[in-house]
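Coordinate analysis (summary)
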Amino acid sequence: MVFVAALAACALASSAAAQTQTNAPGVPAAPKSPAAVSLSASRMRKFKAVDADNHTILLNRPRVITLVVGTSEDSQDGARAAGKAMYPLQGRPDFQLIVVVDLRDSIATWAPSIVTGQMRSNLDEEAVELKPYFLKNGNKGDPRKSLVVIPDFKGTICPQLGWTESSDDLRGILFGTDGREIERWDKIDDMAKLQTDVRTAIETLIKADQAKAAAVAKTQGSKLIQPPAPHPPLLPPILVTDPN
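Reading guide: rules and limits
Residues numbered from 1 in each chain as written. Predicted model: local features only at pLDDT ≥ 70, side-chain atom pairs only at ≥ 80, totals over all residues. Heavy atoms only, no water. Salt bridge = Lys/Arg side-chain N within 4 Å of Asp/Glu carboxyl O. Buried < 20%, exposed > 50% of the residue type's maximum accessible area, 1.4 Å probe, protein only. Pairing = 2+ DSSP bridges. Helix = DSSP H or I, 4+ residues; strand = E, 2+ residues; numbered from the N terminus. Axes fitted to C-alpha atoms, helices over the stretch in contact; angles between N-to-C directions. Patch = residues over 30% accessible without salt bridge, like charges linked within 9 Å, V, L, I, M, F, W, Y side chains within 5 Å. Areas by Shrake-Rupley, 256 points an atom, 1.4 Å probe, with all protein chains shown as cover. Lys, Arg positive; Asp, Glu negative; His and termini not counted. Charge placed at Lys NZ, Arg CZ, Asp CG, Glu CD. Core = buried A, V, L, I, M, F, W, Y, C linked by side-chain atoms within 4.5 Å. Parallel < 35°, antiparallel > 145°, perpendicular 65-115°, else oblique. Left-handed = near helix turned anticlockwise from the far one by under 90°. Contact = heavy atoms within 4.5 Å. Nonpolar A, V, L, I, M, F, W, Y, C, P; charged D, E, K, R; others polar. pLDDT = per-residue confidence, 0-100. Polar contact = N/O pair within 3.5 Å; in protein donor to acceptor, adjacent residues only side chain to side chain. Phe/Tyr/Trp six-rings, centres within 6.5 Å; stacked < 30°, edge-to-face > 60°. Lys NZ or Arg CZ within 6 Å of the ring centre and 35° of its normal. Expected span 1.5 Å × (residues − 1).

A word on the pattern of salt bridges
The final tally for this structure, using the stated rule, is 10 salt bridges. Among the ionic pairs, Asp102 bridges to Arg104, the shortest N-O distance being 2.7 Å. For the pair shown, Asp102 and Arg104 are each scored as buried. One salt bridge in this structure joins Arg184 and Glu181, with 3.2 Å as the shortest N-O distance. Judged by relative accessible area, which is 23%, Glu181 ranks as partly exposed.

Things to note about the sheet that holds strand 5 (residues 148–152)
Sheets are built from strands that pair by backbone hydrogen bonding, the pairs being arranged parallel or antiparallel. Strand order across the open sheet formed by five strands is 5-4-3-6-7, with mixed pairing between neighbours. Looking along the sheet, the strands with just one partner apiece sit at the ends: strand 5 and strand 7 (181–185). The average angle at which neighbouring strand axes cross in this sheet is 15°, direction not considered. When strand 4 (residues 95–102) meets strand 5, the two strands line up parallel, connected through five bridges. Each bridged residue has a counterpart across the sheet, and for Val101 the counterpart in strand 5 is Pro151.

Side note on a negative patch on the surface
There is a patch of like negative charges on the surface, built from Asp74, Asp168, Asp169, Asp186, Asp189 and Asp190. Along the chain, Asp189 falls in the loop between strand 7 and helix 4 (191–220).

Remarks on the nonpolar core
By size, the foremost hydrophobic cluster in this structure holds 39 residues, and its most contacted members are Leu67, Met86, Phe95, Met191, Leu194 and Val198. When residues of this core are assigned to their parent elements, the largest contribution, seven residues, is made by helix 4. The next biggest cluster of nonpolar side chains, apart from the first, holds 15 residues, and it includes Ala49, Val100, Trp163 and Phe175.

Considering the packing of helix 2 (residues 76–85) against helix 4
The interhelical angle for the contact between helix 2 and helix 4, taken along N-to-C directions, is 40°, at an axis separation of 10 Å. Classified by the interaxial angle, the pair formed by helix 2 and helix 4 is oblique. Crossing of helix 2 against helix 4: the hand is right-handed. On the side of helix 2, the interface is formed by Gly78, Ala81, Ala82 and Ala85, while helix 4 contributes Met191, Leu194 and Gln195. Residue composition of the contact of helix 2 with helix 4, by class: five nonpolar, two polar and no charged.

Some points on the pairing of strand 6 (residues 171–175)
For strand 6, a buried count of five out of five residues is recorded, marking the element as mostly surrounded by other parts of the structure. Covered by surrounding structure in strand 6 are Arg171, Ile173 and Phe175 together with Gly172 and Leu174, the residues of both alternating faces. Relative to strand 6, strand 3 (residues 65–71) is paired through five bridges, and the arrangement is antiparallel. Bridge assignment links Val68 to a residue of strand 6, and that residue is Ile173. From the end of strand 6 to the start of strand 7, which pair antiparallel, there are five residues, and Gly179 there has a positive phi angle of about 85°.

Let's talk about the confidence of the model for the protein chain
On average, the protein chain scores 83 in pLDDT, and the residues at 70 or more come to 78%. For residues 12–42, every residue scores under 50 in pLDDT, and the model assigns this stretch 41 contacts once sequence neighbours within four places are set aside.

A word on the side chain of Ser106
Among the secondary structure elements, Ser106 is positioned in the loop between strand 4 and helix 3 (112–136). Within the structure, Ser106 has its side chain in polar contact with the side chain of Glu73 (distance 2.6 Å).

Here's the deal with the packing of aromatic side chains
Counting across every chain of the model gives two aromatic pairs. Its guanidinium or amino end placed over the ring of Tyr133, Lys136 lies 5.5 Å from that ring's centre, counting from NZ or CZ.

Looking at helix 4
If you check helix 4, its first and last C-alpha atoms are 43 Å apart, about what 30 residues at 1.5 Å a residue would give, namely 44 Å. Looking at helix 4, one finds that the buried residues are Met191, Leu194, Gln195, Asp197, Val198, Arg199, Ala201, Ile202, Leu205 and Ile206. Buried residues in helix 4 make contact with strand 3, helix 2, strand 4, strand 6 and strand 7. Measuring from the backbone nitrogen of Ala192 back to the side-chain oxygen at the start of helix 4 gives 3.2 Å, which picks out Asp190 as the cap.

Following this line, the structure appears as structure tokens:
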């Protein structure tokens, strides 16, 4: 899963960095992060970052429900569980999953090229695993192009998301189709609730689109409008054991 790809790379980088630590020059400590950013629902900010594929990603892209999960080397079990919980939603046109790996306090900062290289390799493998879910959701595209992992070595994106300090807990933010924050979790430890919250957001979007289409059809006539892109039926949720 995406989380495993990210965290496995961290472990590899840590190992490689540890072998060269005795001969490496001292690395100055990163500057303290600024005060927590206020993510007010009254206005929409655009959050951009560079992912492991060196693509600039808009984290709160409009017209889709986006789950941004913040993980670290200390939240691997929770990350695996959360990744599995999102499997049935992967490949939907109205949903995207983005993983931000907080490496600010990690020895992995000594070997960023190793980390990103291993991330890309693991994501290639994960794309094969996710293909069946994409097909069930009516998506015949390449899953690899939809997998996004963002390594944050220097605190370029975590503070923007309000994660000013590193944490051992799995964290998350749910963005709506307007790019604004719907919900925030400082500690994700209930995978059933996470699934429910994300699925509820998607269901709300589906009902809203259906209501809009019905209203337009009523006022203009069904033959005069272009029907909206259909939402595939929601696949059944996966039973995931909480990492406790």
